Amino acid sequence: MSWLAANPPSASAWRDLVLRRGFAPLEDPAWREKAYAEMPENSRAKASAYLSEDHHTLAIREAGDWLYYELKNAPGIARPGAVVSRELWENLGVGWEAYSAFEAAALPILRTAENPVKKAGPWRDPRSIEY
């Protein structure tokens with residue numbers, strides 16, 4: 001147990017899990033500054049992770065800085081770029097506990113536009129020439 005506490009998941013392990021679950025990094029510096037001010041007070045622990053109440057935003061404390069991720073193509077976001085209020089963050093835990101909690105978290109089901117299906121027409125030889 002002490003090894004798990006001393007060796008939290010690396011940034012690349014988090015990035016792989018987050019990308020696989022459909023999240024993308026939030027890079028906007030102005031948004032990050034506002035979000036940092038809204039993080040809960042007990043979130044200063046190293047390797048802690050928080051998920052927004054609507055499960056559209058993830059915050060991970062890594063090496064003294066916060067990494068923010070947003071669910072791609074999330075239809076339920078009321079205001080794109082809105083900062084999550086302090087009381088709406090769900091604590092996932094610290095280290096590997098947070099990692100496994102995020103992996104098991106139920107995320108919103110996103111509907112994407114399906115590729116249009118071509119209707120079958122009469123067979124035509126692709127080598128034929130029509131004038």
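Preceding this section is the structure that the text describes.
Quick look at the structure, then. (Residues numbered from 1 in each chain as written. Predicted model: local features only at pLDDT ≥ 70, side-chain atom pairs only at ≥ 80, totals over all residues. Heavy atoms only, no water.)

**Things to note about the packing of aromatic side chains**
Reasoning step 1: In total, this model carries 7 aromatic pairs according to the counting rule given.
Reasoning step 2: Their ring planes at 70 degrees and their centres at 5.5 Å tell us that Phe23 and Phe102 sit as a pair that is edge-to-face. Note that Phe23 is positioned in strand E1 (residues 23-25) and Phe102 in helix H4 (residues 96-104), a separation of 79 residues in sequence.
Reasoning step 3: A relative accessible area of 0% places Phe23 in the buried class.
Reasoning step 4: What links up through ring pairs into an aromatic cluster is the set Trp14, Phe23, Trp96, Tyr99 and Phe102.
Reasoning step 5: The ring of Phe102 has Arg21 lying over it, and the distance from NZ or CZ to the ring centre is 5.5 Å. (Phe/Tyr/Trp six-rings, centres within 6.5 Å; stacked < 30°, edge-to-face > 60°. Helix = DSSP H or I, 4+ residues; strand = E, 2+ residues; numbered from the N terminus. Buried < 20%, exposed > 50% of the residue type's maximum accessible area, 1.4 Å probe, protein only. Lys NZ or Arg CZ within 6 Å of the ring centre and 35° of its normal.)

**Structural notes on the packing of helix H2 (residues 11-20) against H4**
Reasoning step 1: Put simply, H2 and H4 touch, their axes get as near as 10 Å, and they point 10 degrees apart. Classed by the angle they form, the pair H2 and H4 counts as roughly parallel. On the side of H2, the interface is formed by Ala13, Trp14, Leu17, Val18 and Arg20, while H4 contributes Ala98, Tyr99, Phe102 and Glu103.
Reasoning step 2: Residues belonging to the contact of H2 with H4 are distributed by class as follows: 7 nonpolar, no polar and 2 charged. (Axes fitted to C-alpha atoms, helices over the stretch in contact; angles between N-to-C directions. Parallel < 35°, antiparallel > 145°, perpendicular 65-115°, else oblique. Contact = heavy atoms within 4.5 Å. Nonpolar A, V, L, I, M, F, W, Y, C, P; charged D, E, K, R; others polar.)

**What about the pattern of salt bridges?**
Reasoning step 1: Taken as a whole and assessed by the stated rule, the structure comprises 3 salt bridges.
Reasoning step 2: Among the salt bridges present, the one from Glu103 reaches Arg20, with a minimum N-O distance of 3.5 Å. Remark: Arg20 occurs in helix H2 and Glu103 occurs in helix H4; sequence separation between them is 83 residues.
Reasoning step 3: For Glu103, a relative accessible area of 41% translates into the label partly exposed.
Reasoning step 4: Look at Arg20 and you get exposed, because its relative accessible area is 58%. (Salt bridge = Lys/Arg side-chain N within 4 Å of Asp/Glu carboxyl O.)

Just distances and angles here, no functional claims.
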